[in-house]
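Topology and contacts: notes
For reference, the chains in residue letters:
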Amino acid sequence: MAYLESLAPFGVKRAVLTGLDGLVIEALGRGHPPAEVLAAELASLVRHMTPLAEALFGEVRRFTLATDTHEILALRVGEYVLGAVVERGMDRKAIGQELSRIALRVQNL
């Protein structure tokens, strides 16, 4: 089942669904960063942020990373991570809402 295809109309540059092992389950888009790199880095970030989240009596659920030109929106869904690379100025709210809808479907994997 294709989970990420609903992000295409939003102009998402790259999106991935990965496990906490960093292996790509599904990818959307082309260009940089390669899907394999994005998946591995998102999984690594979740694993490394987990101790801090636990110290705050919670768990990593979502995070954003921003550069001068792009943003990465990411959600953790159980043992999975969804991430989307968007150009600055795009409709982050709509993309975030679509990621949340996808996350609901991924919970049933």
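Here we come to the sheet that holds strand β1 (residues 14-19). Across the sheet, which stays open at both edges, the five strands sit in the order β2-β1-β5-β4-β3 with antiparallel pairing between neighbours. Only two strands of the sheet have a single neighbouring strand rather than two, namely β2 (24-29) and β3 (62-66). Strand-to-strand, the axes of this sheet are offset by a mean angle of 10°, without reference to chain direction. Contacting β1, β2, β3, β4 (70-77) and β5 (80-87), helix α1 (residues 35-55) runs over the sheet at an angle of about 55° to β1. Its contacts with the sheet place helix α2 (residues 92-106) against β1, β3, β4 and β5, and it is angled at close to 25° to β4.

The next subject is the pattern of salt bridges. Evaluation of the coordinates by the stated rule reveals five salt bridges. Measuring nitrogen to oxygen at the nearest pair gives 3.9 Å for the salt bridge that ties Glu59 to Arg61. Linking Glu71 and Arg88 is a salt bridge whose minimum nitrogen-to-oxygen distance equals 3.4 Å. You can see Glu71 sitting in strand β4 and its partner Arg88 sitting in the loop between β5 and α2, a full 17 residues away along the chain. The buried category is assigned to Glu71, whose relative accessible area is 8%. One network of salt bridges, in which partners are shared, links Glu71, Arg88 and Arg92.

Rules and cut-offs
Residues numbered from 1 in each chain as written. Predicted model: local features only at pLDDT ≥ 70, side-chain atom pairs only at ≥ 80, totals over all residues. Heavy atoms only, no water. Pairing = 2+ DSSP bridges. Helix = DSSP H or I, 4+ residues; strand = E, 2+ residues; numbered from the N terminus. Axes fitted to C-alpha atoms, helices over the stretch in contact; angles between N-to-C directions. Contact = heavy atoms within 4.5 Å. Salt bridge = Lys/Arg side-chain N within 4 Å of Asp/Glu carboxyl O. Buried < 20%, exposed > 50% of the residue type's maximum accessible area, 1.4 Å probe, protein only.

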